[in-house]
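Overview (structure and organization)
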Amino acid sequence: MAQDGFPDALLQGDKAAWDGFVRRYGGLIVAAIRGVAPPHADIEDLTQDVFIRLCKDNFRLLRTYDPARASLSTWITIVARSTARDGLRRRRGESVPIDAVPEAQLAVDPVEPVRKLKLPEALLSPRQREILTMLYDREMDVAEIARVLKIDPQTVRSAHHKAMIKLRAHFKAEIESL
């Protein structure tokens with residue numbers, strides 16, 4: 001056994017030792033890659049990239065493994081994810097400057113303004129109205145609203161939830177009466 005935990009035969013390029021390593025850790029590497037790769041990615045190519053990286057330059061990367069810092073499976077997972085991310089970045093399509101795109105392709109259909117929903121006055125409390133306005137009209141997040149109103153973020157979420165329940169019930173009844 002070599003001092004880094006790998007059999008000497010593996011680090012000397014022995015095919016049987018390498019095949020055993022691939023059998024033992026191949027599933028772990030594939031799982032690690034699937035964890036970072038989009039569904040359309042070529043998992044086999046990315047897996048091959050990981051194995052190439054591990055054995056490149058006379059197993060230089062494998063020789064850097066330190067069992068005192070992490071378990072072998074953790075270390076291999078980190079290497080696999082890192083290699084997969086690098087591979088995905090390299091395979092990403094070239095970007096095109098916006099000036100090179102024909103004007104017709106940049107055209108956007110006009111958007112009709114959305115009619116603002118009219119709510120019955122007594123349906124929501126003033127606090128619920130204020131929170132909905134901040135969330136949807138001003139596009140503030142819960143933490144911002146809590147800071148502005150000097151209340152707990154959970155209070156914001158609760159008021160929002162209660163207001164939505166009231167609105168659903170109101171509009172459901174309105175639709176059913178039609």
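Since this is a predicted model, take the numbers as computed values, not measurements.

1. Here we look at the overall build of the protein chain
Tallying secondary structure elements over the protein chain gives 8 helices and 0 strands in all. A compact globule built from 178 residues should have a C-alpha radius of gyration of about 16 Å, whereas the protein chain, at 29 Å, is more than 25% larger. Dimensions along the principal axes, computed over C-alpha positions, put the protein chain at roughly 80 × 50 × 35 Å. Looking at the 178 residues of the protein chain, the share that counts as buried comes to 29%. Taking the intrachain contacts of the protein chain between residues at least 6 apart in sequence as the baseline, contacts between residues at least 24 apart amount to 60%. With the model as given, the accessible surface of the protein chain reaches about 13000 Å², and the carbon-plus-sulfur share is 54%.

2. Quick word on unusual backbone geometry
For Asp57, which is not a glycine, the phi torsion comes out positive at approximately 50°. Considering the arrangement of structural elements, one finds Asp57 in helix H3 (residues 43–63). We note that Asn58 has phi near 60°; this positive angle belongs to a residue other than glycine. Tracing the chain through its elements places Asn58 in helix H3.

3. Remarks on the nonpolar core
Counting residues in hydrophobic clusters, the biggest one holds 25 residues, and the most contacted among them are Trp18, Phe21, Ile29, Ile33, Leu54, Leu62 and Trp75. Elements supplying a minimum of two residues to this core: helix H1 (8–11), helix H2 (15–36), H3 and helix H4 (72–91). The contact partners of Trp18, leaving out residues within four places of it in the chain, are Leu10, Phe51, Leu54, Cys55, Phe59 and Leu62. If you look at the next biggest cluster of nonpolar residues, it comprises 10 residues, including Met134, Met140, Ile151 and Val156.

4. Observations concerning the packing of H3 against H4
For the pair H3 and H4, interaxial distance at closest approach is 9 Å and the crossing angle is 115°. Our pair here, H3 against H4, has a crossing hand that is right-handed. When H3 is examined against H4, the residues Asp45, Leu46, Asp49, Val50, Arg53, Leu54, Leu61 and Leu62 are found in contact with a partner set consisting of Trp75, Val79, Ala80, Ser82, Thr83, Ala84, Gly87, Leu88, Arg90 and Arg91. For the contact of H3 with H4, the per-class residue count stands at 10 nonpolar, 3 polar and 5 charged.

Basis of the calculations
- Residues numbered from 1 in each chain as written.
- Predicted model: local features only at pLDDT ≥ 70, side-chain atom pairs only at ≥ 80, totals over all residues.
- Heavy atoms only, no water.
- Helix = DSSP H or I, 4+ residues; strand = E, 2+ residues; numbered from the N terminus.
- Rg over C-alpha atoms; globule rule 2.2 N^0.38 Å.
- Buried < 20%, exposed > 50% of the residue type's maximum accessible area, 1.4 Å probe, protein only.
- Contact = heavy atoms within 4.5 Å.
- Areas by Shrake-Rupley, 256 points an atom, 1.4 Å probe, with all protein chains shown as cover.
- Core = buried A, V, L, I, M, F, W, Y, C linked by side-chain atoms within 4.5 Å.
- Axes fitted to C-alpha atoms, helices over the stretch in contact; angles between N-to-C directions.
- Left-handed = near helix turned anticlockwise from the far one by under 90°.
- Nonpolar A, V, L, I, M, F, W, Y, C, P; charged D, E, K, R; others polar.

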